[in-house]
Every structure is written in C-alpha cells, then in structure tokens.
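# Structural characterization, general
So you can see what is in the structure, the chains are spelled out below.
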Amino acid sequence: MAASEENQPVCLREDALTIVQTLQRAGHIAYFAGGCVRDMLWNLSPKDFDVATDAPPPRVRELFPRSQGVGQAFGVVLVRQGKSQIEVATFRADGSYSDGRRPDDVRFATPQEDAQRRDFTINGVFYDPIANVVIDFVNGQADLASRTLRAIGDPTKRFAEDYLRMLRAIRFTSRFDLKVDPSTEAAIRANAHKLPRIAPERICDELRATFASPNRMKSVTLLDELGLTNVLLRGIAPSRTTGGAEHALFRSLVGGNVPFVLSLVLFTIDTLLHAGERLDALFAPPRTQQICHQLRHLFRLSNEETDDVKTMLDAGLLLEPAMPGVAQIKRYLARPRSELGVHLIQSLAGAGFYVERVRELHANFSSYEASQIAPEPLVDGADLQSLGYTPGPAFKRVLDAVYDAQLESRVREKVAGLELAKTLMERLAGQPD
C-alpha cells in the first residue's frame, strides 16, 4: 500500500536550494526538475523537490556526506540536507527497456538528452533557482500554459518504456484538469492491452493515487474512453464493454478522503451494470466470490482490504426479495467496516435501484443503538456444556439461533436464553444427522 502523506519524508524548498547552490559552487550544472517545476509554474506548492545535475553519483556523495545511493546505476542519490531527503539525479540518456519498466542501461548525458527521456512535457521542464531561469527543451511551458498533457517525443515509445505511464496520464489529466494531446491519446488506446505487463502492485498504487483525487470522475471517464477499464478489470468485466458508463455509483464519492476499496468496488459495479449484468446476479454469492477473488488478484489487495471488499458485496444480501430480519441486519452492521456496505446500498438507491428497500433499511439502521448491534451473547458453548450437552455440530446452530433471538429482543435474559437453548438442543437430538 502506498505510504500516507503523514509518513512521507519532509522535503523543503530551502534544503533543495542549498543542494543546488552547493553543486553549482563546485562547478556543476544543477537544476530543480520534474513535478516541482511543473507545480511552481502553475503557482502550486510542490510536495517535494528533485534535483538534476551533471555531477556523477560519486561526486554527489563526495559533496554530500549525508547521502546514500538508492539507484546509483541510474544516477540517483538520496541526499539528506537539513530536515529533508532529496533525490539528486545525474542527467542521463536511457537505453532500451526490455522489461517495460527500467532501462537496460544508461549513460550520463546532457540536460537536453535527460529532458527527452522523461514522460510528459509538463514534467520535462528544468528550473535554475539561483539564476531564476526556466530551461525548457521539450516545449513544456506551452503545454503548461494550454493545460495539455503531451508525451515527450514519440508517445508509443514513451509508453513502451513504462506502460504505467498510461495510467499516470489519466492521473495527471484528472488531477490538473488537463486535455490530452490527440497523438498521446491515440497511443494510449493502441497500447492499453499491454498494461498487464506491469506489476499489479504498481498498477494498484497508481490507481490509489488516481481515485484519491476529488476530480476522480474525470479519471474513470478517461479510463473508459481510452480502453483501460476492461484491461484493469479483466476477468471481471466482459472485454466487449465500451465507454459511456454513467458511473452513477462512483459519483456518490465526494471529497478526497475516500477509502480505496470503496472507490474500486463502486467503479467495478458501475462497469458491470454498463455491461448489462443484473444486480441480483451480481450479488449472488458465487459472483461476489469471483469478483472478490479477482480484485484481490488484479490489485494485490491486502487481507484487510479483501475482507472490506467482501463486506461491501455482502451488503447485497440485505437487498434480497424478502426483507431481512432484525438479526440479519444487526449481524451485518456488527461486521468491521460495515459502513462501506451501507455506502454501497445508499449509492444504489441514489442511482434508482432498490429505493424503497434502502429507505426501510436506513430507518432500521437509525433505530439501533450501538449497544444493540453486537451485544455479548447471553449463552455460549460453556453454558451448553454446563447443561450436560456434548460439543458437536449442533452447538453452532443452537448458539446462532439463541443469539438471533437475543438480537431480535425475543430473549432478554440469560435464563430465557438457556431455556431456548435446551428446547433447541432437544429438538435437534430427535432429528437424524
């Protein structure tokens, strides 16, 4: 899982500026590079600062004793300066990308060559904070001004170097409300089917960042339009699914602090509904198990996240034709993170599904006090043994039935619970195995 912002290393502009000053005073070229330059030119506050230089890694480490090589083969050194940890990268040109992620070899190069190997023009601009000069070899300033996302050079080549860049294009476009250059857009469509070459963990981290944006609706629209949705949800959604999904459930997500699994499940259900799947079939246990398993596999979800997905999909059991009983509703609400499932069914009602049922359920949810949802059982296995019964398969059936009676307030005291347990045990004893 991606680290939270609270756990990110501090990266202050004044510390990055000190690094640039030290390198320049030692006779080297040194600039701010990448996203921090983009953000500054858009009058945004950068979250971090990267430095690019012509100084090779050994020289960087000589000038900054508080440093370590985190990717020296690629010219990257992590420098600890003041309160910050800042990546200092030597200008480089990349060789071929046989694994679709990292170059097979690199050579140290000029600033112009370094700019040409970066992903998008808005991220390919350098800035000299000492001279207060922008260095632009890729026409990035024009694209920043027109708010256009454009791959540097040949977009097909840029994506072949790392197919994750297709998802990064979606994230940048939605986060900064950009338009996509037509040739870049065409290259994403043509190469969308190659996304599975990327490790699921990397795809998941990128999707987490994308869905975290308050402008996430633009992201899912682009995922649909550019053919990435079917690839992301392969094995779940039919490959023939086309763009144009309304994403009515996904629209219920507001603000930036939304659990990833909630976004992911609503995105998945919207896609399946657009593909023609019926909700009753979607919420049938075999289908929910398949969806849960596939999402875990596709995005390397943690055990906790997988449990959250199952909890969400199990909310569909509350929507079956017969209104669920009090005990069933309370048992569901007692599950960890049941609020995710509640959000799901409320989103369904907002989209016009199960409106009356959800209204009834919500009335029930509101009427239960927290202490009523998951009270301590009045009767447990030790109680049954004290009555002289031998543990066996009947124990769980009886204890579940007594607890249901307790949840429904048909049994309020332990004595009554024990009487019900005895009656049920005797009844089961007269039945064949």
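Let me begin by describing the structure that accompanies this report. From a predicted model like this one, the values you see are computed outputs, not experimental measurements. (Residues numbered from 1 in each chain as written. Predicted model: local features only at pLDDT ≥ 70, side-chain atom pairs only at ≥ 80, totals over all residues. Heavy atoms only, no water.)

### Overview of helix H22 (residues 414-429)
Here H22 is 16 residues long and its end C-alpha atoms lie 22 Å apart, about the 22 Å a rise of 1.5 Å per residue gives. The complete set of buried residues in H22 reads Gly 417, Ala 421, Leu 424, Met 425 and Leu 428. Seen end-on, H22 carries its buried residues on one side only, within an arc spanning 100 degrees. Turned more than 90 degrees from where H22 packs its buried face, Val 415, Glu 426 and Arg 427 sit exposed. Check the buried side of H22 and you find it contacts helix H20 (381-386) and helix H21 (393-407). (Helix = DSSP H or I, 4+ residues; strand = E, 2+ residues; numbered from the N terminus. Expected span 1.5 Å × (residues − 1). Buried < 20%, exposed > 50% of the residue type's maximum accessible area, 1.4 Å probe, protein only. Arc of directions from axis to C-beta. Contact = heavy atoms within 4.5 Å.)

### Brief notes about the packing of aromatic side chains
According to the stated counting rule, one finds 14 aromatic pairs in the structure shown. Consider the rings of Phe 250 and Phe 267, whose centres lie 6.4 Å apart with planes at 70 degrees: the pair is edge-to-face. Of this pair, Phe 250 sits in the loop between helix H11 (229-232) and helix H12 (260-274) while Phe 267 sits in helix H12, placing them 17 residues apart in sequence. Accessibility assignment for this pair places Phe 250 and Phe 267 in one class, buried. (Phe/Tyr/Trp six-rings, centres within 6.5 Å; stacked < 30°, edge-to-face > 60°.)

### Describing the pattern of salt bridges
Pairing between side chains of opposite charge can happen when their charged atoms approach one another. If you walk through the whole model with that rule in mind, you get 29 salt bridges. Asp 205 serves as the salt-bridge partner of Arg 208, at 4.0 Å between the closest nitrogen and oxygen. Of this pair, Arg 208 and Asp 205 both sit in helix H9 (residues 200-211), separated by three residues, roughly a single helical turn. Exposure remark for Asp 205: the relative accessible area of 34% places this residue in the partly exposed category. Several salt bridges converge on common partners, so that one network encompasses Arg 331, Lys 396, Asp 400 and Asp 404. (Salt bridge = Lys/Arg side-chain N within 4 Å of Asp/Glu carboxyl O.)

### With respect to the nonpolar core
The biggest cluster of nonpolar side chains holds 78 residues, and the ones touching the most others in it are Leu 195, Leu 223, Ile 269, Leu 295 and Phe 299. Top element by residues in this core is H12. It accounts for nine residues. Residue contacts for Leu 223: discarding those within four places in its chain leaves Leu 167, Ile 170, Leu 207, Phe 211, Leu 228, Thr 229, Leu 232 and Phe 267. Cys 11, Leu 23, Ala 55 and Ile 86 belong to the second-largest nonpolar core, a separate cluster that totals 20 residues. (Core = buried A, V, L, I, M, F, W, Y, C linked by side-chain atoms within 4.5 Å.)

### A word on the packing of helix H16 (residues 326-333) against H21
Put simply, H16 and H21 touch, their axes get as near as 8 Å, and they point 95 degrees apart. As summarised for this structure, H16 and H21 are arranged roughly perpendicular, according to the angle between their axes. Here H16 contributes Val 326, Ala 327, Lys 330 and Arg 331 to the contact with H21, which in turn contributes Asp 400, Tyr 403, Asp 404 and Leu 407. Of the residues belonging to the contact of H16 with H21, the class tally is four nonpolar, no polar and four charged. (Axes fitted to C-alpha atoms, helices over the stretch in contact; angles between N-to-C directions. Parallel < 35°, antiparallel > 145°, perpendicular 65-115°, else oblique. Nonpolar A, V, L, I, M, F, W, Y, C, P; charged D, E, K, R; others polar.)

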